[in-house]
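Fold and contact review
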Amino acid sequence: MEIVLSGIRSTGHLHLGNYYGALRNYIKMQDNFNCFFFIADLHSLTTHPHPDDFHAGVRTILAEYLASGLDPQKSAIFVQSDVPEILELYILLNMISYKGELERTTSFKDKIRQQPDNVNAGLLTYPVLMASDILIHRANLVPVGKDQEQHLEMARVLARRFNTFYNSEVFPEPKAFNFGDDLVKVPGLDGSGKMGKSEGNGVYLCDDEKSIRKKVMKAVTDAGPTEHNSEMPEPVANLFTLLKIVSDQSTVEEFTNSYNNCTIRYGDLKKQLAEDICKQTLPIKARIEEIYKDEEYLRKVVKRGTDLARESAQATLKEVRKAVGFRSFLSSDD
Ligand code: TRP
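This write-up is about the structure you can find in this document.

**Quick notes on the nonpolar core**
Core analysis: the biggest nonpolar cluster contains 56 residues, and Tyr-26, Tyr-65, Leu-269, Leu-273 and Ile-277 have the highest contact counts within it. The element that contributes the greatest number of residues to this core is helix α13 (residues 266-293), accounting for 9 residues. Looking at which domains feed residues into this core, each of domain 1 (3-185 + 295-324) and domain 2 (209-289) supplies at least three. Counting 41 residues, the second-largest nonpolar core is a separate cluster that includes Ala-139, Val-142, Leu-152 and Phe-171.

This is how it looks when you write it as structure tokens:
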């Protein structure tokens, strides 16, 4: 069975972008693949979260994962920092990752701009840690959003490079995966770009009805079309993209037609959009609240997931160490 791995950083809450861009794919994959899904708490340290909030961040994403439909009986669900094998692979992959290629990563260049006072080495090697997450399980398929394509390319480069460098065949090359034709990009409500945790333009799975309506009603639009069948400006196209994701086809057609014949009222469009988002997310919100409280259940889920993840990671690491040339004085085991 092919191996699937993916993860989400433990910062903030999951939004519609995470849900439709990533989680929905995870959930569908659980029946047909050997799945590993984790919470990337180490990755979230690049932005220096306060220690008092750090664990709650992990617990939040875990509860949101489970409430969205990840099934601990089908998938290994774990927290990155509980699997130290990842870090050993990380240091080894760092030795074959070059400063130039890491500096050229788009996400790194973005971060330099966004947080010029905190350009730490963890940011630079973010793609190496991500490659370690993937390669430690020798994953074949990685369900991620479009924004992660470049990181995934880095994981492929490192898999190939390791195999060549150490004349081995330890790692398969991981591929991005989703069930549609294209990776889904969920836009934000602020007129341009994708929905992101740090962009402040998102609708969250844990949002209540009132704040969903408020956010959607405030979304950027324009004065409305003046010519029949005119091209949609980006902010309006984005609302239609969201509508296509959460509403049924007839609703999308109705509003597309009214846009094309210039009778559209953006207020109606937004009202419908808010309603359909609520229909999708409010049941999930209720489950999040239940699960978040259930310490014993969370512990069980993570225990099982971690055991599976470490078993898989240890098997890989054994081959990795052999390929690199480690022979321990302390054990006769090779
Ligand atoms: N970089 C991913 C993000 O920002 C999170 C992530 C970390 C990840 N390690 C991964 C995703 C491994 C897929 C596979 O969302």
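**Quick word on the pairing of strand β1 (residues 3-9)**
In terms of residue burial, β1 counts as a mostly covered element, since 5 of its 7 residues are buried. Pairing of β1 with strand β2 (residues 34-40), which is carried by 7 bridges, proceeds in the parallel orientation. Considered in β2, the bridge of Gly-7 is made with Phe-38. Crossover connection from β1 via helix α1 (residues 16-29) to parallel β2: handedness right-handed.

**Things to note about the packing of helix α3 (residues 51-68) against helix α14 (residues 295-324)**
At a minimum axis distance of 11 Å, the contact between α3 and α14 shows a crossing angle of 85°. What the angle tells us is that α3 and α14 run roughly perpendicular. Touching Arg-59, Leu-62 and Leu-66 of α3 are Glu-295, Tyr-297, Leu-298, Val-301 and Val-302, all from α14. When its residues are assigned to classes, the contact of α3 with α14 shows 6 nonpolar, no polar and 2 charged.

**Observations regarding the packing of aromatic side chains**
In total, this model carries 9 aromatic pairs according to the counting rule given. Centroid distance Phe-162 to Tyr-166: 4.7 Å. Interplanar angle 50°. Geometry classified as tilted. Exposure remark for Phe-162: the relative accessible area of 0% places this residue in the buried category. Exposure remark for Tyr-166: the relative accessible area of 22% places this residue in the partly exposed category. Pairing Phe-162 with Phe-171 gives two aromatic rings, centres 5.1 Å apart and planes at 70°, and the pair type is edge-to-face.

**What about the side chain of Asn-238?**
The topology assignment puts Asn-238 in helix α11 (residues 234-246). Among all residues touching Asn-238, those that are not within four sequence positions of it are Pro-187, Gly-188, Gly-191, Ser-192 and Gly-193.

What counts and how
- Residue positions within a chain follow its written sequence, with the count starting from 1.
- Local features in a predicted model are, by the rule used here, given only for residues with pLDDT of at least 70; side-chain atom pairs are given and counted only at 80 or more, and totals for whole chains, interfaces and linings are based on all residues.
- Side-chain measures were taken over the full set of non-hydrogen atoms in the model, leaving aside hydrogen atoms and water.
- Each nonpolar core is a collection of buried residues, namely Ala, Val, Leu, Ile, Met, Phe, Trp, Tyr and Cys, held together in the definition by side-chain atoms within 4.5 Å.
- Only protein chains enter the calculation, and the probe is 1.4 Å; a residue is then buried if its accessible area is under 20% of its type maximum, exposed if over 50%, and partly exposed in between.
- Numbered from the N terminus, helices here are DSSP runs of H or I no shorter than four residues, and strands are runs of E no shorter than two.
- Domain delimitation follows an automatic or database domain assignment.
- What makes two strands pair is DSSP finding at least two bridges between them.
- With the strands pointing away from the viewer, any crossover whose connection runs clockwise from the first strand over the helix to the second is right-handed.
- Axis definition: a line fitted to C-alpha atoms, over the contacting stretch in the case of helices. Angles run 0 to 180 degrees between N-to-C directions.
- Here the angle decides the label: under 35 degrees means roughly parallel, over 145 means roughly antiparallel, 65 to 115 means roughly perpendicular, and every other value means oblique.
- A contact between two residues is defined here by any heavy atoms of the two lying within 4.5 Å.
- Classes in brief: Ala, Val, Leu, Ile, Met, Phe, Trp, Tyr, Cys and Pro nonpolar; Asp, Glu, Lys and Arg charged; the others, Gly included, polar.
- Note on ring pairs: Phe, Tyr and Trp rings are taken, using the six-membered ring of Trp, and paired if centres are within 6.5 Å. Classes follow the plane angle, with under 30 degrees stacked, over 60 edge-to-face and the rest tilted.

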